[in-house]
Amino acid sequence: MFTPLLDALILFTLTTPLAGLIGRRIKHEKMAVATWATVAFVFSLMLVFLLYSEVLWGAGLLIEHVSALPPEGVSLEADALSMFLATIYLIIGSMASLFSIREIEEGSPTGFYAVLLGMITAMVGVVFSGDLFTLFIFWEAMCLCSYTLVAFRKEKWESIEASFKYLIMSSAGSITILFALSFLYGTAGTLNISYLSMSLKGSGESLMVYVALLMLLVGFGLKAGMVPFHTWLPDAHMAAPSSISAVLSGVMVKAGIYGLLKTLLVIFLPLQGSWRITLAAFAVLTMFVGNLSALPQDDIKRLLAYSTIANSGYILLGIAVGSYRALTGSLFHVLNHALIKALLFLCAGAFIHGAGTRSLRDLAGIRRTMPITGTAFIIGALSLASIPPLNVFWSELTIITAGVEADMPSLSFLMILNLVFSAAYCLRMIQAVAVKRETSTSKKAKEAPLQMLVPILFLVVLSIIVGVYPAPFQTLAETAAQAILSPA
Amino acid sequence: MVPSNYYIACSIILFSLGLYCLTVKRNMIRLLMGLEIMINAANLNFIALSSFVVEGAVHPLAHVFTILSIGIGGCIIALGLVITIYAYRHYGTLDVRELRRLKH
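Residues numbered from 1 in each chain as written. Chains lettered and ligands numbered in written order. Predicted model: local features only at pLDDT ≥ 70, side-chain atom pairs only at ≥ 80, totals over all residues. Heavy atoms only, no water.

1. A word on the overall build of chain A
Counting secondary structure elements, chain A contains 19 helices and two strands. In terms of overall size, chain A behaves like a compact globule, its C-alpha atoms giving a radius of gyration of 21 Å where 488 residues would be expected to give roughly 23 Å. Expressed as lengths along the three principal axes of its C-alpha atoms, the size of chain A is roughly 70 × 60 × 45 Å. By the burial criterion, 65% of the 488 residues in chain A qualify as buried. Considering only residue pairs separated by 6 or more positions, chain A has 80% of its internal contacts joining residues 24 or more positions apart. Of the roughly 15,800 Å² that chain A leaves accessible, carbon and sulfur atoms contribute 70%. Put simply, chain A has 28 plus and 26 minus side-chain charges, and the middle of one group is 12 Å from the middle of the other. (Helix = DSSP H or I, 4+ residues; strand = E, 2+ residues; numbered from the N terminus. Rg over C-alpha atoms; globule rule 2.2 N^0.38 Å. Buried < 20%, exposed > 50% of the residue type's maximum accessible area, 1.4 Å probe, protein only. Contact = heavy atoms within 4.5 Å. Areas by Shrake-Rupley, 256 points an atom, 1.4 Å probe, with all protein chains shown as cover. Lys, Arg positive; Asp, Glu negative; His and termini not counted. Charge placed at Lys NZ, Arg CZ, Asp CG, Glu CD.)

Below is the structure:
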């Protein structure tokens, strides 16, 4: 009854244990479930391209009413924005699933792949929901899967500690969202996103609406890594397996961004004057805290996690500016940051697999023993430092110029200042990996196995393509921005 | 009949109690109880506010939402308890102040 993509993903998720059972019979449980997950991702990527072309050149908006007609019932909607994000989710998810074939050596592989597929499914569900309650259910499914995956290495204390902290903070955020939904339901009598924006336009400004706005900002912002609600993020990213860190940082943070986009720019668009300054302040704070905390880190994954917070700040800044061009930049940055951060986390995972340490000091000079991974890591770090021919530069440039065009040059200036900080720690990473003399740990490292190199090289090629030839990808981001600002 | 404003006031008080519990309490199981109180506050608020939509009656859609969200709340708490058990095995205590080894 859902869209074919979501149907297929749910079916694949539910049948993963079956694949594991068959695999256990033939003594190759891990290969069986990994193959099954790869088949699932390839199949759904094909479906997503079909649906995307249908949305872009055909209907523009696909709606599936699950029960009664809106404003009463619940519905699934897929517009250009949903398809844009769903494609990113599936690409990063498939890369993570390929990478984890070698990374996940202990624990139950069936459980891991079932929960990973479930998490990607839930994220696709989040961007496909046409009303806030469906969004909330998929949101919670996504959160539950991510808590499980962070705690996957349950024999390590740090996974358990990070997961508990993450569970408490993130659940408090989701419950805040639910509380805000109840206020919205009480004011407007519906939770359908497009009806909600219409009925709030008429209802004027009551206290309840403002409370709901603030609570949604906090709830979704917590997931998007907004400072001061970011403290779960570095711990969770550090303690999770690297492929999961790639998914968390690359795409799950973006689900929070999606929630903010929908609530602020669609539902609360009439109140733009009241949330704009607040969001801009949060965005600037997020950038500064993220970048400045990343500077002194020695743990490579913790450094990358703080850089995720900073990049989340850039995206929020684009939303705060709110013009068509700024939004294009933000969405384009969602794509670029997902590619680059997934690449860097996967490379970090390969380093950890090869050398057994996360400390940058011990990883010094590892490019000489792991040349392919090291080079890929350097390309990723250069891109994160916004060096022109690589992809991150283009989206950051769009956000900065859009800020100047929209008469907010101070915001653009603050962002440029932050790019200097981020370049500093990116260069420090490159120096550690490539320039410094090898340590005894990095001398013993071996090049990563093929299953790890394939996703890394794919992401490198993809980010170089986006960097050298950004026009088609920017157009996709433009249509997605169009879908928010002037819905069909 | 009790006016529905009372229910809303009650749910806001419950929500603040849950939040207070999350910020002040040290025991991991109490934190999960705080979460549960917050979930119940939100559910109560849903039911109370849905009587605004249709005068004098609770809208059936709100019931559906609430039942689903009770289920979700159960999932969160169950997972939280599983993690608590593992934390107890690693740390030998339920005090969250002990879970600070990741701080740098």
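2. Quick word on the state of the cysteines
Residue and element names in this part refer to chain A. Inspection of the entire model under this criterion finds zero disulfides over all chains. Sulfur of C145: no disulfide; nearest cysteine sulfur belongs to C143 and is 9.3 Å away. On the basis of relative accessibility, which here comes to 16%, the residue C145 falls in the buried class. Not engaged in a disulfide, the cysteine C426 finds its nearest cysteine sulfur in C347; these two sulfurs lie 13 Å apart. (Disulfide = S-S within 2.5 Å.)

3. Regarding the packing of aromatic side chains
A full pass over the atoms with the stated rule returns 19 aromatic pairs over all chains. With a centroid separation of 3.9 Å and an interplanar angle of 15°, the aromatic rings of F133(A) and F65(B) are classed as stacked. You can see F133(A) sitting in helix 5 (residues 132-150) and its partner F65(B) sitting in helix 3 (residues 60-91), one on each of two chains. Neither residue differs from the other here; F133(A) and F65(B) are each classed as buried. Ring-pair connections join several aromatic residues into one group, and the members of that group are F133(A), F136(A), Y185(A), F46(B) and F65(B). The ring of W232(A) carries K223(A) above its face, with NZ or CZ at 5.6 Å from the centroid. (Phe/Tyr/Trp six-rings, centres within 6.5 Å; stacked < 30°, edge-to-face > 60°. Lys NZ or Arg CZ within 6 Å of the ring centre and 35° of its normal.)

4. A look at the interface of chain A and chain B
Residue-level contacts link 41 residues of chain A with 44 residues of chain B. Counting each side, the surface lost to burial between chain A and chain B is near 3,700 Å², with a carbon and sulfur contribution of 81%. Area buried by chain A at its contact with chain B is led by F164(A), F179(A) and Y185(A), which between them contribute 19% of it. Taken together, the connections running from chain A to chain B amount to zero salt bridges. (Buried area = accessible area lost by both parts, 1.4 Å probe. Salt bridge = Lys/Arg side-chain N within 4 Å of Asp/Glu carboxyl O.)

5. Let's talk about the domain arrangement of chain A
All names here are of chain A. In terms of domain boundaries, chain A breaks down into domain 1 (1-161 + 231-260) and domain 2 (271-488). Relative to domain 2, the C-alpha centre of domain 1 lies at a distance of 22 Å. Roughly 3,300 Å² is buried in total at the junction of domain 1 and domain 2, and carbon and sulfur atoms are behind 77% of that figure. Along the contact surface separating domain 1 from domain 2 lie two salt bridges. When the shortest N-O distance is used, the salt bridge between R358 and E158 registers 3.2 Å. Here domain 1 and domain 2 share seven residue pairs in polar contact (both at pLDDT 80 or more) between them. Elements with a minimum of two residues in the side of domain 1 that touches domain 2: helix 2 (29-57), helix 3 (80-103), helix 9 (232-239) and helix 10 (242-267). Looking at the side of domain 1 that touches domain 2, the element that brings in the most residues is helix 3, giving 13 residues. Taken together, the residues of the side of domain 1 that touches domain 2 break down into 23 nonpolar, six polar and seven charged. (Domains from an automatic or database assignment. Polar contact = N/O pair within 3.5 Å; in protein donor to acceptor, adjacent residues only side chain to side chain. Nonpolar A, V, L, I, M, F, W, Y, C, P; charged D, E, K, R; others polar.)

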